[in-house]
Structure formats: structure tokens, C-alpha cells
Amino acid sequence: MQVKNPILGLCQKAKFALSAAKVEQCPEDQGYEVAFAGRSNAGKSSALNTLTHASLARTSKTPGRTQLLNFFSLDDERRLVDLPGYGYAKVPIPLKQHWQKHLEAYLGSRECLRGIILMMDTRHPMTDFDKMMLDWAKASGMPMHILLTKADKLTHGAGKNTLLKVQSEIRKGWGDTATIQLFSAPKRLGLEEAYRVLADWMELEDKPAA
């Protein structure tokens, strides 16, 4: 008997809800939220779009709505949140400071936040931003799951080696703060594992397929 993960149906119904420049503009703080974070060009938008079978998040390389907290509803209780990307060399320092201020305010205040999906480019993992997010997750006790994105850019063996290396580094520095997997949006690699994490955090139980 096949088991169908109920998060699949919800992700396929995902739709844009609103953008918020400040925490006060976010949806009511209730239900379940999972936030997607990642340094600019780490593949965050592509991962979100692949998981939802939609073009919800912009994948351009220039700062657009990336300066905002973008909310996508799955149902009346559950949302995905696209957090601002970091690392744009041409973005003015005051704007970067604005993003950081409101990102920290969001992370520190949302009671409905159930976990963080952190995107790392498998070719360039463990940037300063990644370590900052791991520090925050450990300090706050927030569950974190890491997608090593763009795994299709490496051979299978090289990807596995990177996974083991990053796993080891995280255990040494952050203990059991985060789980981690390989992911590729174009190859649809790692989707099932990512869906299981989302379903667990959003308290959706697997159900036998009809």
C-alpha cells in the first residue's frame, strides 16, 4: 500500500498571500509557518518553486521582492515564508541593515514559526550567513533542515563527500541543531525527504493512498 504525504497536495495549492517589509505587516501569528532562508544565489527561489510546483518565488539575480518577507499560503493554517536573500554586492549598506533588522525581528517574534529550511550551494557551503543562521537556530532551539542545493552541478560521489563533510562540521560546531540533505531543483533530487520534513513540522501525518 502506497503512503501519500499530505503536504504534496497542499504545496500544489500554494498561492501568494502577502509581502511584508516589517514584522507588524505579517499575517496573524497563528497556525504553522516554515521559513526558507539562504544566501543570495543559493537556489532558494528555485527550491521553493520546485517544492510547490509553481513559480511563486522570483528567481532573478537582482534584488526585487527579495527585500521583503513573502508569505505563501498552503491552507488556512499553514504558510511558507520566503525570507530576504543576502549577499548582493550592489545593495546599499542601509538596505542590508534594514533587511537584517527585520529578519531578526521576524525570527525572534513569530510564535507560529515551526522550522527553518536553509539553502546552501553545495559547491560553496557554510558561508558566514549560513553559520549565523545555525548559531541562531541553536540558541533559539528552532528546528533547521539544510538543503545542499545545486547538487546536479557535482558528480554523485563529490556530492556525497560534500554532504558528509558539512554534516561533520555541523555536528562539531552545532550538535544536532540541523538535519541535512542533497537537493537539486532541475533534477528534482531530494524532494521526498524535504516533503517529509515539511509534513512533520506542520503536523501532517502520512495517510494511505486511496
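For the structure itself, consult the block above.
In what follows, the accompanying structure is described. (Residues numbered from 1 in each chain as written. Predicted model: local features only at pLDDT ≥ 70, side-chain atom pairs only at ≥ 80, totals over all residues. Heavy atoms only, no water.)

1. Some thoughts on the packing of helix H4 (residues 128-140) against helix H5 (residues 156-174)
Put simply, the rule reads: Structural elements are reduced to axes, namely lines fitted to C-alpha atoms, with helices fitted over the stretch in contact, and the angle between N-to-C directions of any two is expressed from 0 to 180 degrees. Helix numbers and strand numbers start at the N terminus; a helix is a DSSP run of H or I with at least 4 residues, a strand a run of E with at least 2. Working rule for angles: under 35 degrees goes down as roughly parallel, over 145 as roughly antiparallel, 65 to 115 as roughly perpendicular, anything else as oblique. Handedness of a crossing follows from how the near helix is turned relative to the far one, being left-handed for an anticlockwise turn of less than a right angle and right-handed for a clockwise one. By the convention used here, residues are in contact when the closest approach between their heavy atoms is within 4.5 Å.
Relative to each other, H4 and H5 sit at 45 degrees, their axes nearing to 11 Å. Relative to H5, H4 is oriented oblique. Taken as a pair, H4 and H5 cross one another with a handedness that is right-handed. On H5, the residues that touch Lys 131, Leu 134, Asp 135 and Lys 138 of H4 are Glu 169, Ile 170, Gly 173 and Trp 174.

2. Looking at the nonpolar core
For clarity, the cut-off: By nonpolar core is meant a set of buried Ala, Val, Leu, Ile, Met, Phe, Trp, Tyr and Cys residues that side-chain atoms within 4.5 Å join together. Relative accessibility under 20% of the residue-type maximum defines a buried residue, over 50% an exposed one, and the middle range a partly exposed one, all with a 1.4 Å probe and only protein chains included.
Counting residues in each nonpolar core, the largest one holds 33 residues, and the members touching the most others are Leu 83, Tyr 106, Ile 116, Leu 134, Met 144, Ile 146 and Ile 170. Those elements that provide at least two residues to this core are strand S3 (32-38), strand S4 (69-73), helix H3 (93-109), strand S6 (113-121), H4, strand S7 (144-149), H5 and strand S8 (178-182). Sequence-distant contacts of Ile 170, defined by excluding residues within four places in its chain, comprise Met 126, Leu 134, Ile 146, Gly 175, Ala 178 and Ile 180. Within the second largest apolar cluster, 30 residues are counted, among which are Ala 14, Phe 36, Leu 74 and Ala 185.

3. Observations concerning the side chain of His 145
Mapped onto the secondary structure, His 145 falls in strand S7. For His 145, a relative accessible area of 1% corresponds to the buried category. Those residues in contact with His 145 that lie beyond four places of it in its chain are Ile 116, Ile 117, Leu 118, Thr 179, Ile 180, Gln 181, Glu 193, Val 197 and Trp 201.

4. Section: unusual backbone geometry
Phi angles above zero are rare outside glycine, and Met 126 is one such case at about 60 degrees. Tracing the backbone through its elements, the reader meets Met 126 in the loop between S6 and H4.

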